[in-house]
Amino acid sequence: MSLLEIKNLTVAFDTSVGLFKAVDGIDIAVDNREVLAIVGESGSGKSVAMLATMGLLPATARVTADVMRFEGRDLLTMSDSEKRKIIGKDIAMIFQEPIASLNPCFTVGFQIGEVLDKHLGLKGRAAHNRAVELLQQVGIRDAEDKLKAFPHQMSGGQCQRVMIAMAISCNPKLLIADEPTTALDVTIQKQILDLLVGLQQQTGMGLIMITHDMGVVAETADRVIVQYKGHKMEEADVLSLFENPQSNYTRALLSALPENAVGDRLPTVSDMLFTAAPGVAQ
Amino acid sequence: MTTPVLEVRNLTRDYITSGGFLKPAKVLHAVKGVSFTLEKGKTLAVVGESGCGKSTLARMITLIDEATSGEILIDGIKANAAHVTRELRQKVQIVFQNPYGSLNPRQKIGDVLCEPLLLNTKLSSAERREKAMAMLTKVGLQPEHYNRYPHMFSGGQRQRIAIARALMLNPSFLVLDEPVSALDLSVQAQILNLLKDLQDEFGLTYVFISHDLSVVRYIADEVMVMYFGDVVEHRSRDAVFSAPEHEYTRTLFAATPQTDVEHIRARIARKQAAVV
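Reading guide: rules and limits
Residues numbered from 1 in each chain as written. Chains lettered and ligands numbered in written order. Predicted model: local features only at pLDDT ≥ 70, side-chain atom pairs only at ≥ 80, totals over all residues. Helix = DSSP H or I, 4+ residues; strand = E, 2+ residues; numbered from the N terminus. Rg over C-alpha atoms; globule rule 2.2 N^0.38 Å. Buried ≥ 20, exposed ≤ 12 C-beta atoms within 10 Å, placed from the backbone. Contact = placed C-beta atoms within 7 Å. Nonpolar A, V, L, I, M, F, W, Y, C, P; charged D, E, K, R; others polar. Domains from an automatic or database assignment. pLDDT = per-residue confidence, 0-100. Pairing = 2+ DSSP bridges. Axes fitted to C-alpha atoms, helices over the stretch in contact; angles between N-to-C directions.

Trainee: Account for the overall build of chain A, with residues named and values stated.
Mentor: A count of helical and extended segments in chain A gives 12 helices and 11 strands. In terms of overall size, chain A behaves like a compact globule, its C-alpha atoms giving a radius of gyration of 20 Å where 282 residues would be expected to give roughly 19 Å. Dimensions of chain A along its principal axes, counting C-alpha atoms only, are 65 × 45 × 40 Å. Of all 282 residues assigned to chain A, the portion counted as buried reaches 45%. Sequence separation of at least 24 residues holds for 64% of the intrachain contacts in chain A that already meet a minimum separation of 6.

Below, the structure is given as structure tokens:
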């Protein structure tokens, strides 16, 4: 049984020109101890699919699915209060902009403490000790001092570490990382990716990496889903995806990587799709 | 020997943080004595992580910020950011990283493109309009985009507009400050191709600032690596990529994600070994 199992997920928004389907009939399954990467460009619906799972979309979104189960429990029929016990505890999420997703008005220690209090009922000394332990686990030196720091006093990489600390504070079974390193430099990106994969291997949680960066996929994933305009283009394990991509879109994405440049100009996704693949939905 | 398009001699920039009562002011050396020359038609890539001074350098050579000391020569003319003449302003232009922030949301695209001509030349409005239309097609947009507003365009199209604006005055060189890092992979490829096409057509010289080594490898002729305000390595692209000399350059290479199949296979093997 998969840890998270989603079948035929559709997310639609009402617009002035009718219903817009951001995600159109997508199946996603993740197991324990697995790193799944969801790749796509902006507008491919990769974030929306995960936000729908977390229940974080605004009320205007129409989410439908045949199956949406976490550890065999149905997320579709579950009441909101039951769902809140799972979301943030068993399923945690980290976002792209670490500085924007922390509250600038409170110290890091307060914000970690809030999670510990809400989900685990830890207070006072116990919460403090656990917060220090968490910061050490994500590789922040002088953790005691950093608990008193405000987000603006830390660098982007450190803020992302704090976000990861908050996300893993309740030992989640599934961690969803939405573009966790896009706002960071390559050297910091490497540290954060190593940290995430290291934690995943230690704790055996499932990890979903949402990204548009093929490099990040190559460095972290076990299995990959390629998404384009709300549709799943391809699903494969990471090696076969890079070695022998099946869909034209994946092939186009891979050949648009500057390191794969043959000759003087890069092939772009649009010339590949419109010359080679009449079947791809536009 | 021809005059280089850009010559920089021992350029420095210090920032002084305001001190307070009992708290002495601190001096931050953002750029420490950078010198280089750039020939016409070449692309120099400046690489480094955030805070290494690469954007400060960009602002100084585009004459936005004054240098603390040192000299900048553009086409052999000594430049001073405090008094930028029209002639010099026409020679150097910049494209910024975020095309969402660098275009005025209340200005039509046509006005965006005509403004540099209005400020720096004596062309009539009909001539300005004609030039702007021609430039729109050059960068891969349509003449009917002339009367639209920035919010009607995607990120890639906006970056094309920003490039078009920078080219309106036929500059000698163009500073590109992370022009593709906010863009999707496929759009990134289109913009990189556009930059190469324009370089071939107009013989443009680029100073390309980036932290993405795979992009740099694709576009640059020379690579300059900066680390805490110093240039630690400045050689031809092939030399830097085949045998990086400085410790920091090697760290950067090691941190860059690799997408070749052998590398992925090795990673998976390592992971399986760790599990067993």
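After presenting the structure, the write-up continues.
Trainee: Run through the interface of chain A and chain B, naming residues and quoting values.
Mentor: Listed as interface residues are 29 residues of chain A and, on the opposing side, 29 residues of chain B. Put simply, the parts of the chain that give the side of chain A that touches chain B at least two residues each are α8 (186–203), α9 (214–220) and α10 (238–243) of chain A. Of the residues contributing to the side of chain A that touches chain B, the split by class is 14 nonpolar, seven polar and eight charged.

Trainee: Talk me through the domain arrangement of chain A; I want residue IDs and the actual numbers.
Mentor: All names here are of chain A. Per the domain assignment, the segments making up chain A are domain 1 (1–79 + 178–184 + 210–246) and domain 2 (248–282). The interface of domain 1 with domain 2 comprises 11 residues on the first partner and seven residues on the second. For the side of domain 1 that touches domain 2, the secondary-structure elements that each account for two or more residues are β10 (223–228), β11 (231–237) and α10. Looking at which element gives the most residues to the side of domain 1 that touches domain 2, the answer is β11, with three residues. The residue makeup of the side of domain 1 that touches domain 2, split by class, is seven nonpolar, two polar and two charged.

Trainee: I'd love a proper account of the confidence of the model for chain A, names of residues and values included.
Mentor: Mean pLDDT over chain A stands at 86; residues scoring 70 or higher make up 94%. Long-range and interchain partners of residues 276–282 of chain A, a stretch whose pLDDT sits below 50, account for seven contacts in this model, where long-range means more than four residues apart.

Trainee: Which residues make up the sheet that holds strand β8 (residues 205–210) of chain B, and what are the values?
Mentor: All names here are of chain B. Strand order in the open sheet formed by six strands is β6-β7-β8-β3-β9-β10, and the pairing between neighbours is mixed. At either end of the open sheet lies a strand with only one pairing partner, and these are β6 (92–95) and β10 (230–236). Mean inter-strand twist for the sheet, computed between neighbouring axes without regard to direction, equals 15°.

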